[in-house]
Amino acid sequence: MSSVKRLVYAIIQFLREQSQRDVYTADEQESLEVAVQCLETVFKLSPGDVHLSTPNSLEELFSQAHFKNDELTPAESPSVSPADIEKAEQLKDEGNNYMKEQNYEAAVECYSQAVELDPNNAVYYCNRAAAHSQLGHHEDAITDCEKAISIDEKYSKAYGRMGRALAALNKYKEAISSYQKALDLDPENESYKSYLKIAEQKVRQVPSPTSAGWGF
């Protein structure tokens, strides 16, 4: 409870300091005083509890914490052993072979095992997305593409495959955005151009509420 009281005391100090500033109207200053009184009543505090004060003000503590958070680097990825990397690549190749054989469930399993061994390889997620799409698991495909993109934001194939999954869910506007991003990264890809045109046509074919007789 002492840590809670310290926090509340710091908040009270902050509110008191704010109430003395000229930037607030008389009503606003009164509201700040009421807030102070309410906190003191609930937590049984008084101005004499100076032993609860902290060396830094609440605003300083917040600024320090915010700055520190901005400076934090992402946690280092777990190290993957060379043996695991080699095994993951073997599993990826097996998954690719299953894709050729149209055994998509087996492909998903291989890619999933590869992901477990090396979770920082965008290719494994993107390949699994393709297998999911073939199985009609389009939401799973989108999730895998998003993961691949989070690892490699310039992975054009992940954007392209996400576009196909979105289109399969009739989310053509979102699919257009994905295809456009894929083309930005791979402007000569004819498949992306073709899929983009199809998605744009689908959007144009959607009847407006007015043309459907739904207008007021």
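Residues numbered from 1 in each chain as written. Predicted model: local features only at pLDDT ≥ 70, side-chain atom pairs only at ≥ 80, totals over all residues. Heavy atoms only, no water.

Looking at an unreviewed UniProt entry, one finds the protein named SGTA homodimerisation domain-containing protein, with Staurois parvus as its source organism. UniProt annotates the protein under Sequence similarities (unreviewed entry) with the comment "Belongs to the SGT family." (UniProt positions renumbered as here; feature names shortened; annotations may be inferred.)

Undergrad: Got a minute to help me understand the UniProt feature "repeat: TPR" (unreviewed entry) in the protein in this structure?
TA: Mapped onto this structure's residue numbering, the UniProt feature "repeat: TPR" (unreviewed entry) falls at residues 88–121 and 156–189. The distance separating the terminal C-alpha atoms of residues 88–121 is 9 Å; by composition the span is 79% helix and 0% strand. Note that residues 156–189 is 79% helix and 0% strand, and that its end C-alpha atoms are spaced 10 Å apart. (Helix = DSSP H or I, 4+ residues; strand = E, 2+ residues; numbered from the N terminus.)

Undergrad: What's the story with the nonpolar core in this structure? I'm lost.
TA: Side chains of a nonpolar character, in soluble globular proteins, are inclined to be buried together. Ranked by internal contacts, the top residues of the largest apolar core, which has 30 residues, are Ala-148, Tyr-155, Ala-158, Met-162 and Tyr-179. Broken down by secondary-structure element, the contributors of at least two residues to this core are α4 (82–100), α5 (104–117), α6 (122–134), α7 (138–151), α8 (156–168), α9 (172–185) and α10 (190–205). In this structure Ala-148 touches Ala-122, Tyr-125, Cys-126, Tyr-155 and Ala-158, once residues within four positions along its chain are discounted. The next biggest cluster of nonpolar side chains, apart from the first, holds 8 residues, and it includes Val-8, Ile-12, Val-36 and Leu-52. (Core = buried A, V, L, I, M, F, W, Y, C linked by side-chain atoms within 4.5 Å. Buried < 20%, exposed > 50% of the residue type's maximum accessible area, 1.4 Å probe, protein only. Contact = heavy atoms within 4.5 Å.)

Undergrad: Hey, could you run me through the packing of α7 against α8 in this one?
TA: Packed helix pairs are characterised by how far apart their axes lie and by the angle those axes make with each other. Viewed as axis vectors pointing N to C, α7 and α8 meet at an angle of 155°, and their least axial separation amounts to 9 Å. Taken together, the axes of α7 and α8 lie roughly antiparallel to each other. Pair α7 / α8 crosses with left-handed handedness. Contacts between α7 and α8 involve His-138, Ala-141, Ile-142, Cys-145, Glu-146, Ala-148 and Ile-149 from the former and Ala-158, Tyr-159, Arg-161, Met-162, Ala-165, Leu-166 and Ala-168 from the latter. (Axes fitted to C-alpha atoms, helices over the stretch in contact; angles between N-to-C directions. Parallel < 35°, antiparallel > 145°, perpendicular 65-115°, else oblique. Left-handed = near helix turned anticlockwise from the far one by under 90°.)

Undergrad: When you look at the confidence of the model for the protein in this model, what are you seeing that I'm missing?
TA: Detailed conclusions should not be drawn from predicted coordinates in areas where pLDDT is low. Summing up the model confidence of the protein, the mean pLDDT is 85 and the portion of residues at 70 or higher is 82%. Scored below 50 in pLDDT, residues 67–76 shows 0 contacts in the model against residues more than four places distant or in partner chains. pLDDT under 50 marks residues 209–216. Its contacts with residues more than four places away, or in other chains, come to 3 contacts. (pLDDT = per-residue confidence, 0-100.)

Undergrad: Any chance you could explain the side chain of Glu-40 here in plain terms?
TA: With respect to the element layout, Glu-40 can be found in helix α2 (residues 26–43). At 2.5 Å, the side chain of Glu-40 and the side chain of Arg-16 are in polar contact. (Polar contact = N/O pair within 3.5 Å; in protein donor to acceptor, adjacent residues only side chain to side chain.)

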